[in-house]
Amino acid sequence: MRALAILSAMTLTACASGVGSGRSGGIATYDDLKAATATCAAKGGSLKLKRNGDPQYLEDYACEAK
């Protein structure tokens, strides 16, 4: 049972990766969000705000597989 929980957590981590801090020290500027969205789309994903994330911070966004 414990192994299943660990495997599930690892799978979710692989699907939703953070986008980094960008060029503005972690603040989610228009340019940083645009670049992160393009990078994520090139990987076949879509940029989403993490659950309970603050839209002001770039680290609170994740690239999720479609």
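Residues numbered from 1 in each chain as written. Predicted model: local features only at pLDDT ≥ 70, side-chain atom pairs only at ≥ 80, totals over all residues. Heavy atoms only, no water.

A. Examining helix 2 (residues 30–42) more closely. With 13 residues, helix 2 should reach 18 Å at 1.5 Å per residue; the first-to-last C-alpha distance of 18 Å fits that figure. Regarding helix 2, the residues found buried are Asp32, Ala36 and Cys40. The buried residues of helix 2 occupy an angular sector of 65° when the element is viewed end-on, so they sit on one face. Opposite the packed face of helix 2, turned more than 90 degrees from it, sit the exposed residues Tyr30, Lys34 and Ala42. (Helix = DSSP H or I, 4+ residues; strand = E, 2+ residues; numbered from the N terminus. Expected span 1.5 Å × (residues − 1). Buried < 20%, exposed > 50% of the residue type's maximum accessible area, 1.4 Å probe, protein only. Arc of directions from axis to C-beta.)

B. Spatial organisation of the state of the cysteines. For the structure shown, the criterion picks out 1 disulfide. Cys40 shares a disulfide with Cys63; S-S distance 2.1 Å. Taking the torsion about the sulfur-sulfur bond, which here is approximately 90°, the covalent link between Cys40 and Cys63 counts as right-handed. Residue Cys40 is found in helix 2, and its partner Cys63 is found in strand 3 (residues 61–65); the two are separated by 23 residues along the sequence. Cys40 gets classed as buried once you look at its relative accessible area, which sits at 2%. (Disulfide = S-S within 2.5 Å.)

It is worth stressing that arrangement in space is one thing and function is another; only the former is reported here.
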